[in-house]
Amino acid sequence: MSLAVVPNLTRDELRARIAGAGALLLDVDGTMAETEEIHREAFNEAFVDAKLDWHWGRRVYKELLRVAGGKERIRAFDQMRRSGPPLSDAVIARLHRVKTERFAALMADKGCPLRPGVKELLDAAIGRGQRMAIATTTTRVNIDALLAPVLGRDWETMFAAVVAADDVARKKPAPDVYIEVLSQLDLPAANCIAIEDSGNGLMAATRAGVPVLITRSLYFHDDSFNGALAVLDDLSELFT
């Protein structure tokens, strides 16, 4: 079911807005693919490897997803503990490194399909010569682990810019990734459309002045999306 947030915005008008945008700016986790359960599994495997008595269930992980960035989530969870000395920066960095390695291994083993409508959106943009970019707070290693199997090893050539967590000082909901993408594209924010799945992503793009199309995802389906251009259950609704 589609849920338009802008009054009187019809499906055809939304399609026209997308087709007429100077560029489409895509988030990755949750937006292009439902990767968060694989991320959660990788975190838990990293904790076992480090002999930590930690396990993130879905409820805990949903709360931690409000914190952008893997190392930041580890630190946030560590601070939630009621006893024991805090983990050092070095230990957190090692945990995150192992988690990233486990994520890549799980992706290689299990794979993760693109969400409905994503490939159609990419193909349509390529067909009309429209530029696309990635604006995400995950790492480039994680992006490659997801996109190389489904789009090919040269997936990066499809995008005019790729800005990831390692490329900016602050992660979403700060607008840094969008500001950097817009700088690389040399486009005004209002001429682009961001495609996001979370309230944090919506906030980041909006703070940069970019209109946002939301595609609801597993962990963020009940976020508040006030101010979005439109909210869809998934992008296949654009092609029906």
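Rules behind the numbers
- Residues numbered from 1 in each chain as written.
- Predicted model: local features only at pLDDT ≥ 70, side-chain atom pairs only at ≥ 80, totals over all residues.
- Heavy atoms only, no water.
- Helix = DSSP H or I, 4+ residues; strand = E, 2+ residues; numbered from the N terminus.
- Buried < 20%, exposed > 50% of the residue type's maximum accessible area, 1.4 Å probe, protein only.
- Areas by Shrake-Rupley, 256 points an atom, 1.4 Å probe, with all protein chains shown as cover.
- Lys, Arg positive; Asp, Glu negative; His and termini not counted.
- Charge placed at Lys NZ, Arg CZ, Asp CG, Glu CD.
- Pairing = 2+ DSSP bridges.
- Axes fitted to C-alpha atoms, helices over the stretch in contact; angles between N-to-C directions.
- Contact = heavy atoms within 4.5 Å.

J.: Hey, could you go over the overall build of the protein for me, with residue numbers and the actual values?
T.: Across its full length, the protein holds nine helices and six strands. Taken over the C-alpha atoms alone, the protein extends approximately 55 × 35 × 35 Å along its principal axes. Within the protein, buried positions represent 52% of all 240 residues. Accessible surface computed for the protein: about 11,000 Å², of which carbon and sulfur atoms make up 52%. If the 30 positive side-chain charges of the protein are averaged to one point and the 34 negative ones to another, these points end up 3 Å apart.

J.: Mind laying out the sheet that holds strand β1 (residues 23-26), listing which residues take part and the relevant values?
T.: Pairing in this open sheet of six strands is parallel, and the strands run β3-β2-β1-β4-β5-β6 from one edge to the other. Either end of the sheet is taken by a strand with one partner, and the two such strands are β3 (161-163) and β6 (230-232). When the angles between neighbouring strand axes are averaged without regard to direction, this sheet yields 20°. Strand direction decides the pairing type here: β1 and strand β2 (residues 131-135), joined by four bridges, are parallel. Bridge pairing in β2 places Leu25 opposite Ala133. Strands in contact with helix α8 (residues 176-185) are β1, β2, β3 and β4 (192-196); relative to β2, the strand with the most contacts, it is inclined by about 150°.

On their own, these measurements won't tell you what the molecule is for.
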